[in-house]
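Here is how the chains run, residue by residue.
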Amino acid sequence: MPENQRPLCCVIGVIDDGWASLSAAAQARLRTASVLIGARRTLDLVAPFLPEDTECLDMDGALSQTPGWIASALDAGRPVAILATGDPLCHGIARFLIGKLGAGAVEVMPAPSTIQLAFARLKKPWQDARISSCHGPDAGEWPGDDATPGPTPAHGLYKLVRAVASHPLVATFTSPHNGPDRIARALLAAGYGDDAHESVRLSVVACLCHADEAVFANLRLTDAARRRFPDPNVVIIERIARAGDGYAPTRYPPDLVSSIPHSAPVFGFDDLDYVQRTPEKGLITKLEARAVSLARLGLRADSIVWDIGAGSGSVGLEASRIAHLGHVWAIEKNSGDATNARINARRMRASNYSLFEGKAPAGLDTWPAPDAVFIGGSGGELGELIALVLGRLKPRGHLVMNFVTLENLALATRTLQQLGATWDVTMLSAARSQPILDMHRLAAQNPVWIVSAQAAGRPSDPAGGNTHE
């Protein structure tokens, strides 16, 4: 771009060896800037090389004021430069400024990203890496015990842990609070670690371009979780297949730990996958009913799902794998079943699954509006739950309910009719083979009624059966 056509505002990337790392063009833009804005650390890197009359503004703690500073300087005809670390368009300030000032008002001159430099220090290719960030406020420890609901999308490490679930190679920016040790503990709490099929390794590259630069390569999560690392740092997380296993980590679905086969599909696990610790009552939606119910829920990759009366978690956990970019909010009133569901969630690495112990509808008003709702148990509040759900469902959202008693089926269909919903019923009667002597016979399972519904005025699933309005 000709010099006389360049924007007066330039965002310049710099790394920690300072002036020497800048291109001649970047150095020239800094020398001609009347106003220079940056974090104190980056300002100190270049200040000795600038004209004495350059006005330097420290934006530490003042990010929201930065667009105003820039606009005032530009109105006065004063060229502005903004310093950022590495590539300003990789989890950097450039996106924020372009959104405020417009793309035509901003020029970007990147330096190598610290992610690039970290991979270079580790001598690892990075073209397949997923880049994430937890460079923000103190996120707190990842909830991983059987007495807490589990993580929600509001947690500061949520995006990172979900990235690890879907990608075998993840790089992340960190902060002093959300450092490598906390990340390692979060992954362990989410069910990761070495197993028969896969090892998980965490590498840390700290103090890039400083005299005390340090590389900590290929650490086990258990080792990284109990030590501290110098700041600032970048973390690389790899899920590595065991040699000779014939298994390679896939981008989706996320892998399971050793108690569940790595070849398991997105849904359709065997019932035994959920009942190893199931309480004596054995609250589980059987495989055949799960398959039909999940199909009728109409899930997308980013669906928000409610699972009411979660039992062992079978429907909600399989929904979490289909809706791998969304989240499942589950509730279960029985303490033993709730604990069992959380254990199953950790075994399945379902980090996009939160289970609350309580009796619905209490607490549902705090959940985000759902795309799909499954009711497997109602605790005697079926009518109220149906009305609540139909009022909260997003447009084109689906409510699916399973019943084994005539009374609950009658109550559900009567309530749907009164509310003007669109609904249909499928009776599922399945039989499974069982050995008898040296032959096999079919043993019938209890019939299940699967009720699918949408709120009044919303189109029904064209794949469904008869509807009633």
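Anyway, here's the lowdown on the structure attached to this text. Remember, it's a predicted structure, so these values are computed and weren't measured experimentally.

Digging into the pattern of salt bridges
Working step 1: A full pass over the atoms with the stated rule returns 22 salt bridges.
Working step 2: With a closest N to O distance of 3.3 Å, Arg239 and Glu198 form a salt bridge. Here Arg239, found in strand β10 (residues 233–241), pairs with Glu198, found in strand β8 (residues 198–206); they are 41 residues apart in sequence, far enough to count as distant. In this pair, the class of Arg239 matches that of Glu198, namely buried.
Working step 3: What emerges from the salt-bridge pattern is a single network uniting Asp138, Glu141, Asp181, Arg182, Arg185 and Arg228.

Re the sheet that holds strand β2 (residues 35–38)
Working step 1: The strand order across the open sheet formed by 5 strands is β3-β2-β4-β1-β5, and the pairing between neighbours is parallel. Each edge of the open sheet carries a strand with a single partner, namely β3 (55–58) and β5 (106–109). Sheet twist, expressed as the average angle between the axes of neighbouring strands with direction ignored, equals 20°.
Working step 2: When β2 meets strand β4 (residues 80–85), the two strands line up parallel, connected through 3 bridges. Looking at β4, one finds that Leu36 is bridged to Ala81.

Quick word on a nonpolar patch on the surface
Working step 1: On the surface, Ile436, Leu437 and Met439 cluster together into a nonpolar patch covering about 350 Å² of accessible area.
Working step 2: Within the secondary structure layout, Leu437 lies in the loop between β17 (431–436) and β18 (439–444).
Working step 3: Its relative accessible area of 81% is what places Leu437 among the exposed residues.

Let's talk about the pairing of β17
Working step 1: Sheet topology places β17 next to β18; 6 bridges connect them, and they run antiparallel. From the neighbouring strand, Pro435 faces β18, where its bridge partner is His440.
Working step 2: Between β17 and β18, which pair antiparallel one after the other, the connecting turn spans 2 residues, and Leu437 there sits at a positive phi close to 55°.

Quick notes on helix α14 (residues 406–418)
Working step 1: Taking 1.5 Å of rise per residue, 13 residues should cover 18 Å, and α14 covers 18 Å from first to last C-alpha, within 8% of that figure.
Working step 2: Restricting attention to buried positions, one finds in α14 the residues Leu409, Ala412, Thr413, Thr415 and Leu416. The arc enclosing the buried residues of α14, seen along the axis, measures out at 160°, which places them on a common side. Exposed residues lying more than 90 degrees from the buried face of α14 are Leu406, Glu407 and Gln418.
Working step 3: Considering only its buried residues, α14 is in contact with α13 (382–392), β15 (398–403), β16 (422–428) and β19 (448–454).
Working step 4: Just beyond α14, the residue with positive phi is Gly420, at close to 75°.

Here's the deal with the packing of aromatic side chains
Working step 1: For the structure shown, the criterion picks out 7 aromatic pairs.
Working step 2: Taking 5.4 Å as the distance between ring centres and 80° as the angle between the ring planes, the aromatic pair formed by Trp306 and Trp367 counts as edge-to-face. Residue Trp306 is found in strand β11 (residues 304–308), and its partner Trp367 is found in the loop between β13 (353–357) and β14 (372–375); the two are separated by 61 residues along the sequence. Grouping residues by exposure puts Trp306 and Trp367 together as buried.

Quick notes on the nonpolar core
Working step 1: Formed by 31 residues in total, the largest nonpolar core has its most connected members in Ile183, Leu187, Tyr192, Leu202 and Ile237.
Working step 2: For this core, the elements supplying multiple residues, two or more each, are α6 (158–166), α7 (180–189), β8, β9 (214–220), α8 (221–224) and β10.
Working step 3: For Ile183, the residues in contact, after removing those within four places along its chain, are Cys134, Leu160, Thr172, Thr174, Asn178, Leu202, Val235 and Ile237.
Working step 4: Counting 28 residues, the second largest nonpolar core, distinct from the first, contains Trp329, Ile375, Leu393 and Trp423.

Topic: the side chain of Arg162
Working step 1: Within the secondary structure, Arg162 sits in helix α6.
Working step 2: For Arg162, a relative accessible area of 9% corresponds to the buried category.
Working step 3: Not counting the four nearest positions on each side in its chain, Arg162 is found in contact with His324, Arg349, Ser351 and Asn352.

Some points on the packing of helix α3 (residues 66–75) against helix α4 (residues 94–101)
Working step 1: Where α3 meets α4, the axes come as close as 10 Å, and the angle between the chain directions of the two elements is 55°. Between α3 and α4, the angle is such that the two are oblique. Judged by the sense of rotation from one axis to the other, the crossing of α3 with α4 is right-handed. Residues Thr66, Pro67 and Ile70 of α3 form the contact with α4, whose participating residues are Phe96, Leu97, Lys100 and Leu101.
Working step 2: Taken together, the residues that form the contact of α3 with α4 break down as 5 nonpolar, 1 polar and 1 charged.

Cut-off values and rules
Residues numbered from 1 in each chain as written. Predicted model: local features only at pLDDT ≥ 70, side-chain atom pairs only at ≥ 80, totals over all residues. Heavy atoms only, no water. Salt bridge = Lys/Arg side-chain N within 4 Å of Asp/Glu carboxyl O. Helix = DSSP H or I, 4+ residues; strand = E, 2+ residues; numbered from the N terminus. Buried < 20%, exposed > 50% of the residue type's maximum accessible area, 1.4 Å probe, protein only. Pairing = 2+ DSSP bridges. Axes fitted to C-alpha atoms, helices over the stretch in contact; angles between N-to-C directions. Patch = residues over 30% accessible without salt bridge, like charges linked within 9 Å, V, L, I, M, F, W, Y side chains within 5 Å. Areas by Shrake-Rupley, 256 points an atom, 1.4 Å probe, with all protein chains shown as cover. Expected span 1.5 Å × (residues − 1). Arc of directions from axis to C-beta. Contact = heavy atoms within 4.5 Å. Phe/Tyr/Trp six-rings, centres within 6.5 Å; stacked < 30°, edge-to-face > 60°. Core = buried A, V, L, I, M, F, W, Y, C linked by side-chain atoms within 4.5 Å. Parallel < 35°, antiparallel > 145°, perpendicular 65-115°, else oblique. Left-handed = near helix turned anticlockwise from the far one by under 90°. Nonpolar A, V, L, I, M, F, W, Y, C, P; charged D, E, K, R; others polar.

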